[in-house]
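Chain and residue survey
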Amino acid sequence: MTLFDRVFGGNDYNYNRTVAAIDAAIATYGESESVAFPDTAYSLPCYYGITGNKISTLGEMKAAMDVIKGMMTRNPRLQDAFDSGVASALCAEFLEALKYLHGAQPYAEPEMGFLTDAFVRNLGVPLVTGDIPGVAVIIGGAEDPAETVELAKSYQAQGMLVTVTGEGIRHLADAGMKTGEGVRVCPLGYEMQSVIHVVSVAVRAALIFGNVTPGDYKTLYKYTMDRVRAFVNAYKPLSDEIVSYGAGAICLGFPVISNETENMFRVPKSLIQQLDTTKWNATSLEARDIKLKITKIDIPVSYATAFEGEIIRRGDMQVEVDGSRVDCFELVATKDASEVEDHKITVIGPEIDEIPVGSKISLSYTVEVAGKAMQTDFESVMERKFHAYLNCIEGVMHTGQRDMIRIRISKADFEAGFKFRHLGEVLYAKIKSEFEAVVDKCQVTIVVDAEQNKALRAAANEVFSKRDDRLKSMTDESVPVYYTCIMCQAFSPSHVCIVTPERLGLCGAVSWLDAKATKELDPEGPCQIVPKERCVDEALGRYDDVDEAIQKYSHGALERVTLYSLFEDPMTSCGCFECICGVEPCSMGVVITSREHAGMTPLGMSFSDMASMTGGGVQTPGFMGHGKQFIFSKKFIAAEGGPGRIVWMPKDLKDQVRERLDATALELYGVENFTDMIADETVCTEDPEELLAYLSEVGHPVLGMEPFDM
Ligand code: SF4
Ligand code: ZN
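Residues numbered from 1 in each chain as written. Chains lettered and ligands numbered in written order. Predicted model: local features only at pLDDT ≥ 70, side-chain atom pairs only at ≥ 80, totals over all residues. Heavy atoms only, no water.

Describing the pairing of strand E20 (residues 579-584)
Counting buried positions along E20 gives six out of six residues, so the element sits mostly inside the fold. As paired elements, E20 and strand E21 (residues 589-594) share six bridges and run antiparallel to each other. Paired with Gly582 across the bridge in E21 is Val591. Here E20 folds back onto E21 in antiparallel fashion, the turn holding four residues, of which Met588 has a positive phi close to 60 degrees. Here four bridges tie E20 to strand E22 (residues 623-626), and the two strands are oriented antiparallel to one another. The residue bridging Gly582 from the neighbouring strand is Phe623, located in E22. (Buried < 20%, exposed > 50% of the residue type's maximum accessible area, 1.4 Å probe, protein only. Helix = DSSP H or I, 4+ residues; strand = E, 2+ residues; numbered from the N terminus. Pairing = 2+ DSSP bridges.)

Looking at the packing of helix H4 (residues 78-99) against helix H11 (residues 240-251)
Two numbers describe a pair of packed helices, the interaxial angle and the distance between the axes. Where H4 contacts H11, the axes come no closer than 6 Å and their chain directions differ by 115 degrees. Here H4 is positioned roughly perpendicular relative to H11, judged by the angle of their axes. As H4 packs across H11, the resulting crossing turns out to be left-handed. For the pair H4 and H11, contact is made by Ala81, Phe82, Asp83, Gly85, Val86, Ser88, Ala89 and Ala92 and by Ser244, Tyr245, Ala247, Gly248, Ile250 and Cys251, respectively. (Axes fitted to C-alpha atoms, helices over the stretch in contact; angles between N-to-C directions. Parallel < 35°, antiparallel > 145°, perpendicular 65-115°, else oblique. Left-handed = near helix turned anticlockwise from the far one by under 90°. Contact = heavy atoms within 4.5 Å.)

Observations concerning the coordination of the zinc ion (ligand 2)
Those protein atoms acting as donors to the zinc ion (ligand 2) are Cys488 (SG), Cys574 (SG) and Cys576 (SG), and they sit at 2.1 to 2.2 Å. Look at where the donors of the zinc ion (ligand 2) fall in the sequence and you get C-x85-C-x1-C. Taking relative accessible area as the criterion, Cys574 reaches 1% and is therefore assigned buried. Cys576 sits in the buried class, given a relative accessible area of 1%. (Donors = N, O, S within 2.8 Å, 3.2 Å for Na, K, Ca; no water.)

A word on the sheet that holds strand E9 (residues 344-348)
Read from one edge to the other, the open sheet built from four strands follows the order E8-E11-E14-E9, with strand pairing classed as mixed. Edge strands, defined here as strands with exactly one partner in the open sheet, are strand E8 (329-334) and E9. On average, adjacent strands in this sheet sit at an angle of 15 degrees to one another, irrespective of strand direction. Sitting on the sheet, helix H15 (residues 420-434) touches E9, strand E11 (364-370) and strand E14 (441-447), and the angle it makes with E14 is about 155 degrees. Sheet strands in contact with helix H16 (residues 450-473) are E8, E9, E11 and E14, and its direction is about 60 degrees off that of E8.

Regarding the pairing of strand E7 (residues 317-322)
Most of E7 sits inside the fold, with six of its six residues counted as buried. Pairing geometry for E7 and strand E13 (residues 404-410), over five bridges, is antiparallel. Looking at E13, one finds that Glu320 is bridged to Arg408. Bridge analysis of E7 against strand E10 (residues 359-361) gives three bridges, and the strand direction is parallel. Across the sheet, Val319 pairs through a bridge with Ser359, a residue of E10.

Here we look at unusual backbone geometry
Cis geometry marks the peptide bond from Glu109 to Pro110; its omega dihedral reads 0 degrees. Assignment of secondary structure puts Pro110 in the loop between H4 and helix H5 (117-122). The residue after Lys236, namely Pro237, is reached through a cis peptide bond having omega 0 degrees. Tracing the sequence through the fold places Pro237 in the loop between strand E4 (230-234) and H11. With a phi close to 55 degrees, Asp39 is a non-glycine residue in the positive phi region. Relative to the helices and strands, Asp39 is located in the loop between helix H1 (3-29) and helix H2 (45-51). Look at Asp289: it is not a glycine, yet its phi comes out positive at around 55 degrees. Among the secondary structure elements, Asp289 is positioned in the loop between helix H12 (280-287) and E7. Using a relative accessible area of 45% as the deciding quantity, one classes Asp289 as partly exposed.

Some thoughts on the pattern of salt bridges
Within the structure shown, the criterion is met by 46 salt bridges. In this structure, the salt-bridge partner of Arg204 is Asp117, at a minimum N-O distance of 2.8 Å. Of the two residues, Arg204 is situated in helix H9 (residues 196-208) and Asp117 in helix H5; the sequence distance between them amounts to 87 residues. Both residues of the pair, Arg204 and Asp117, count as buried. Here Arg457 ties to Asp327 by a salt bridge, and the two come within 2.5 Å at their closest N and O atoms. Placement of Arg457 in helix H16 and of Asp327 in the loop between E7 and E8 is noted, with a sequence separation of 130 residues between them. For Asp327, a relative accessible area of 18% puts it in the buried group. A cluster of three or more residues bridged by salt bridges with shared partners is formed by Glu320, Asp322, Arg325, Lys360, Arg406 and Arg408. (Salt bridge = Lys/Arg side-chain N within 4 Å of Asp/Glu carboxyl O.)

Some words on the site of ligand 1
Around ligand 1 sit Cys485, Met487, Cys488, His495, Cys497, Gly505, Leu506, Cys507, Val510, Cys574 and Cys576, and that is every residue in its neighbourhood. The residue inventory of the shell around ligand 1, partitioned by class, reads nine nonpolar, two polar and no charged. (Near = heavy atom within 4 Å. Nonpolar A, V, L, I, M, F, W, Y, C, P; charged D, E, K, R; others polar.)

Shown next, in the form of structure tokens:
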């Protein structure tokens, strides 16, 4: 037996059982039965990405088996063997898709099964910022279950996205390890073929962010090799089935690290034998050239971006800082250097061990910074990061901002010796490392005293409202320059966001002030100044300066963009947009939907469907990705009439933007309670007729607007 025999044997095994499974499914449901994974516009993603053909019925799936057969070469050459493994991966995708036949829900916790398009898009920004430095694909489990847990935790602590297939899932579950998207450890399924779900993420990343043409498999493999930092850790014993998947992984550019010795080759940088499994973390990082961003923080629990989405349930909580009931706030204040003692952390009031378990307490923290290059404009930029900084602490959950914060500290953290003072340690360490170019000294004061916080909160609120006044007065007209953001070029090589005060980056994470601070912190970095001296058309937001910047930073891929139009040279999208809007031809309005909303819109498309119409840095007039906050901006598709064009949004999104959107509509159109005039899924989901009826019933302003000039 050679490695080739094992790959080809795995291919045969997969081919035969897939054909049998399809035949059995056809016998039950017939050839026209539809096949699809939930919440994706790329069904079936791997097959579609590699061959360019979508599969939507059992009959099409059956016919596709001939294509797969054709990929299963038997040439005993390494590259051919690796390529043929892709065919095995496609069989796995078909087998998994069959599980979802006829509305079945084949997976239950902890198994996650298929990962949706929204899951892929959520990875966009953290992958480009390096907050997720790589993707660890763990297959099987160690002989000693504790070792699997340790390996998964080691990657989690580095911020990696971890997927687990097979026995390892049981090891994590038995050890009581939290899993799921929120903690970035994703158990795919107990069956080995479920590993395809992470391959599917990589393939869709290429389609969504990279603008790779489906079927152009060479470009696809190059994209996954160059831009998706994934690797495989496969515990022995490896069946031929797994070996064939491994070959496919290598074809996509993902090295396989294993302790298997039976009939294996070693191929430098691709197929690596590492018998000492405790070294897998280091070996994998080296094989995939992964560099870690490390901040050393002196706290008794883990600190990693993987914990950012972790939820602390009521029953697991030691204490809760509850800004909705008591006085709480978080604040950054710029001080003179003489007033700040670097790394001084002060806790005024009781420490956590002096407070009864389950208490809701009043707590505030003020981070005072000093630095020659510090500007008060950066205070809010830093403050907005607190959410992420504190959430990255294992066992701590933070929501909200300013004086509406809620923090939960878990019992497990309390038992590990976590103190309020450690919140200060985290804030100190992160501010000093991420803002080192502007912050020379930093001290943190934590106050745990309801009386004192009452007065302090009032003072903080004065600061917040001054800032708000400044933000309100900051319009696209009032500032001297705009900024580029090209952070997403790591995945969307020609995408450029132009960030203005009234139009934040489409990911929702980069405001004009953020971009300004980024430029200050990293002068050669992703945010560069765009002058705005040569305005060509004010209504469209067309500037010669902007066009020049777009040409330069898209490396010639784009000629022009406008800031305010949906139809004339609209801004491009990378793929990680919070929302997407699309033209609704019956009402001559636009429909907006958000990544969180899985349901249909009156366009007959879900978020995933609409999102698949744009992205990868190309312009698609009529569809545009954007941030949530852009919805209530007066500049939202201003060239086409502004936010008064919005005819449909998911209810949740309406609630999030209601207050500001109502204010904008009142100012622009003199309309009260505009958000209520916008239909949502409780009014209609797919039928444009119902939508129209609703709009006339409420007297929606779009009815008085000119038709689009499409
Ligand atoms: Fe990506 Fe644009 Fe957000 Fe920058 S502003 S991170 S380019 S989406
Ligand atoms: Zn992006």
